[in-house]
Each structure stands twice: as structure tokens, then as C-alpha cells.
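Listed here are the chains, written in short residue letters.
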Amino acid sequence: MGIEPRVVSHWLNAVSAPLSGEERRAADALPFVRRTARVRSLSALPPEPRREQWDRWERPPGGSAPGLPQGIPARADRDTLLSGEPDAYGESFGQLAMLGVPDLHAAGLTGANVLIASLDSGFHKEHFVFEGLDITSEYDFIDGDGQTQNWDPDTGQGWGDYHGTLTLSAMAGFDLGELVGPAYRASVMLGRTEEVIFEKGLEEDTYVQALEWADSAGVDIVSTSLGYLNFPDEDEPWGYSFEELDGKTAVTTRGVNRAAARGILVITAVGNEGPDASSLLVPADSDSVLAIGALTPWGDLAGFSSRGPAYEDRIKPDLCAQGYRTVCGGWAPSIPPEIARASGSSLSTPLVAGLAALLVEARPELTAMELIGLLRASGSRAQDPDNDFGYGAPWGPLVAWPDSAAVVVDSVRWAFEPRIGESNHLRLRFTNRGSAPSEQLTALVHSLTPGIDATEPAFVLPSLQPGESEWIGPLRVGFRAELAAEEWAWINWSLAGERHTLYRQVAFQVQPARVIARDGLAKVGPNPWTGQRDLFIEYGPPLGGTADLDVFDVTGRLVVRLARDVQLEPRGGRIIVDPRHANTIPNGIFYIQLRSSTGTASRALLRLR
């Protein structure tokens, strides 16, 4: 018939080819053809590059990590075995600590001898974070050649290389002291299945073709940050309805199901179409893949992260990882290779894929479906999964060492909202999520975001039984003015015992400094004060030194002294008054006065029982 197929899929027993109307009718008449169907027109992730995407790029604040662990050279290759210290990771530490990766690295797990296929829109392989990366093979399924780096400065082609650079570097990049991907010694296959300048329905077919190619090489894991949405054609709508998000209809979904049946662990992005319900992309609707949502560094769900459920009320996403301000290798036509930050479920997906590679290395006897079940069970929300977080952030040590203790920080409590220019008190709840008692651990602040001061940094965490929790603190933490440009910060901990050293991070948002009134009192609240809540007094310069806190009635008579000889912070802060003090104050209007060695300020206070 003279028809030249563009894509051939053995798994789906299908071919894709451009056909005229007459050729399609002739193909339908062939006895071995079950049916012909138009290739759907879809909008895909990643989209055509737009200016607002680049605005989300940021260089990590503060530059390089202040120093490297003793004995680790300033520049090292991928053969360097990390021992978990935060300084070795730079600012990529937090996104790995959220998953327990530093503990796995400290045990010698690096992804070695694990084969991962990364399917994307192109890769800038010349980025310095890929120096020494074991690329076993590559293929461009769009152009039909063996080159997945396609940037041509003369023609402007190859914009897609930027997206694959982000995802591959988050999973397997390596620049000691700046960026470490979880599976930095894994072997990788690179497949280009996507064209970002324009969309073709053919890309679903090249996606499946790439899965077959990866299977033929004996791949262990496929990591793909590609997904597909419904897109209305000018003449008639094409794409998938909600009912077709059933885990078995979409072309890519059928492909990943076949890959899973052949023992491949497929990890895919859930999408960036949130916060609407059922905003997931295909093939994230498959029950045989891990669909990954995006978290902020402090553990909240990113607003853009797609939600479930899939059809028939199936929970999606499966898991989440940091997908907001994720540290990765950045490259764009106008930006030389650098360490950057980017956001999207495209970035959380390779982090989980890298974690999975460490677990395949640790427990090669597990099947792909067994590993999916164990990763879900290790999630921070495994006891109460939902269609926002899925099963939560997975905890790798629980899967790698199922018969051991697994001490995590599962709750953080501040005395009040962290704010620049103030001191605060932090309490941490440690929980043993493992199946064996933990050893006694001595915790120490290992490194801090510049501009944070921590006193009393060391404490002892007692042995915890499985499921047992212990609150530790308070730890006094101060936030200096140089944090003003930051919207979040972190504190890194090391917990050392006789047998293990664990590494944990607490990430949190820091609010801007308070606007202080000229007399030094910014706010007194709640006002009116019912006595059922703490009363807080926010102060700043010129008040300083030591101070007394008193309540006077409208005649100037002292009613009660709330505090005496309070040490005020030089840059301002907050005084908390226990509500029980209200019992000595009747109903009415009063004046609360803060009298310090450098000045006095008063505010009216309405007392209501």
C-alpha cells in the first residue's frame, strides 16, 4: 500500500502512520486490522516554554555550602561514597532528607548497578553535574537518531533539553557540596519522546515505543515527568474524559501497565494542574505505576500539584516529594549550566525514582509491585491516604531495613510564628516508625541557614519503642535581619548513637519583620482579652534591656504586675502572658505598660470575661 509507519509498538500490536482518507479506508479493509483510530490531539507536560516558567528559576541563596565534611575533597567524582553529612549535599540536602536518602547513602547505597530509563524532551548532557554519569544508551524517538541533546544555537531547536536536564540532574546529578541526586551512581538510559515547541498526538506512541526499548535493555526503573491532558481540537474534542482515567484506556497508560507486568517500576509525575479534584494526567491514572505529587520544602502540598481521584474513586497521587524550589542542574539557551531551583511535579518524580534505585540496590529480590506496596506503606500519610498527598512522602529506611528502627521528625511546634528579627522556641516530635526499638541518640545542630542563631543545640533522645513518640525542646532560635530576603529556612540535625548517625532537617517559613511603632510597641492581642488565650505583647526598639510588664486601670492605679525583669531582645520580639493572669483583672478598659531601661510604652486593653 506504500504506507510508511512512524511508530511500531509490539506491546500494543499497533503502528502509527500518516494516512489519507482513502488510505485509511483501505487499511480498515485489511483482514488483520481490527480497527483504525485517529491519533488524539493532546496538550502535554512540559508545555511550550514561556517566560513565566523561567521566572521560577532561582539560584540558591547564599551560594555554596560553607564547608565540606573532613576528608572529602573540594571536587570529587561519583565514586565518592557520601556518609550523610549535610554539607556534602549543599542545599539539595533537604529534598533528600525528606525521604531518608542521607541515611541510605551513609550505608553505602548509591544506585550502583541499577539501570534507570529517563524519558523526557531532551537532555543537555554537557552540564557539569553529569560529568562521569554512566549513560549506557540513548535514542531520540522524535527525530529517529541516537542523540538526545538537540540544542542548536543557529536554528533555536532543542528547547526541550532544559526540561530533561532538570529532571535527570535531580535524580542522578552530582556536584559535591552543591547538588547530589539520590541515585548518583546509577546507570541511565536517555529517551527523547517529547517535542516541546509543538504538540503531536504521536508522542503517546513514541512514549510506548521508548518503554519497549527500555525493556529490551533490562531496565529496572523508568522515570518520566511527562503527562497528557485533554485538549479540544478546533473541529471536535479529542482526548480523554474523566471516565477514561480508569487505568486501562489511555495509550500511555496501557504502555506502563505492560511495562509493570514485565517487572519494570514506572514512576511518573501526577501533573501541575491543581488544585482542582481529578486534575491528574495520564498515565498517572494507572494502578501499576507510582504517580508523584509535589511538596514544599516544609512539607505542605504545592498549590499547583494535581489531585485525584482517578476514575472509580481510586487514590492518586501515590506519593509526594519536594517539587517546589527543588535544587537541580539548570540550563537554558540563554543561561549557562548552573545549580538552580525549579518547581513542578516534574522535579518531585525523579527524586522518588532515585530513592527507588537505592531500594532496588538494597533489596534486589523485590518485584516492582512489591516495591510499590512497600513505598506506599512507608509514606508519611500511610495511615490516612487522600487524593491530595496520596500516601505522603516515602521514608526509604523503612523499606531498606524493615526489621530496624526508623526515627523521623514528624511534627514541629513553634511557640509562635517564626519572624525575622525575633527569637522563638522550637519543639520537635521524634517518632520511631520502624519495627525495632531505637538506640539512645544525642542530637546536635549540624548546620543552619545563614541568619539563624540556635542556643542549647544539643539534647538526648531516649530509646523509642516501635510507634513511640517523644517531644524534645524547647530549643531557642533567633532570626537575624539577613534572612529578610528568604521565604523559608532550615535547620539540619545530626543524631548520633553507638551504631548509627542519622541526619534530619526541619524546614519552615520565616515571616517578614514586624512593623514596630515609634514608641516600641507593635501590637497587644488578643484585644479584647477574654483570658481563654495567651496574651502577647510585640515590641521593638527603642525598648530594650530589662523591663516590667504592668496593667493599670484608667485612673492610673496598678492592677497587676504581669512580669518583672524581662530580658528584651535587641531587635524586638514577643512576650507571652499565661491566660491565668487574667483572673486578677475585672471587666473593663485597662492600660498595659511595658517599662524598660530604655523607654516606656502603653496600649489600651479591653478585658472581657
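Quantities reported herein were computed from a predicted structural model and do not represent experimental measurements.

1. Considerations on the nonpolar core
Point 1. In this structure, Ile 221, Leu 265 and Ile 267 are the most contacted members of the largest nonpolar core, which totals 67 residues.
Point 2. No other element matches helix H8 (residues 345-362), which puts 10 residues into this core.
Point 3. Look past the residues within four positions of Leu 265 in its chain and what remains in contact with it is Asp 220, Ile 221, Val 222, Leu 290, Ala 356, Ala 368, Leu 371 and Ile 372.
Point 4. Counting residues in each nonpolar core, the second largest holds 30 residues, with Ala 214, Ala 250, Val 266 and Val 289 among its members.

2. Considerations on the sheet that holds strand E22 (residues 469-479)
Point 1. The sheet built from 4 strands is open, its strands ordered E17-E18-E22-E20 with antiparallel pairing. Of all strands in the sheet, those bounded by a partner on one side alone are strand E17 (407-414) and strand E20 (452-454). Here the strands of the sheet are splayed against their neighbours by 35 degrees on average, with no regard to which way each runs.
Point 2. As defined by bridge partners, E17 adjoins strand E18 (residues 423-432) across 7 bridges and the pair is classed as antiparallel. Along E18, the bridge assignment pairs Trp 414 with Leu 426.

3. Side note on the confidence of the model for the chain
Should pLDDT be low for a region, the predicted coordinates there are not to be read in detail.
Point 1. Residues at a pLDDT of 70 or more form 84% of the chain, whose mean pLDDT is 85.
Point 2. Within the model, the stretch residues 40-75 combines pLDDT values under 50 with 97 contacts to residues more than four positions away or in other chains.
Point 3. For residues 231-237, every residue scores under 50 in pLDDT, and the model assigns this stretch 10 contacts once sequence neighbours within four places are set aside.

4. Quick look at the environment of His 105
Point 1. Tracing the backbone through its elements, the reader meets His 105 in helix H4 (residues 101-106).
Point 2. For His 105, a relative accessible area of 1% gives the class buried.
Point 3. Remark: the alpha-carbon pair of His 105 and Leu 81, spanning 24 residues in sequence, is separated by 7.3 Å.
Point 4. His 105 has contacts with Leu 82, Tyr 89, Leu 96, Val 180, Gly 181, Pro 182, Tyr 184 and Leu 358, leaving out every residue within four places of it along the chain.

So, how was this worked out
Residues numbered from 1 in each chain as written. Predicted model: local features only at pLDDT ≥ 70, side-chain atom pairs only at ≥ 80, totals over all residues. Heavy atoms only, no water. Core = buried A, V, L, I, M, F, W, Y, C linked by side-chain atoms within 4.5 Å. Buried < 20%, exposed > 50% of the residue type's maximum accessible area, 1.4 Å probe, protein only. Helix = DSSP H or I, 4+ residues; strand = E, 2+ residues; numbered from the N terminus. Contact = heavy atoms within 4.5 Å. Pairing = 2+ DSSP bridges. Axes fitted to C-alpha atoms, helices over the stretch in contact; angles between N-to-C directions. pLDDT = per-residue confidence, 0-100.

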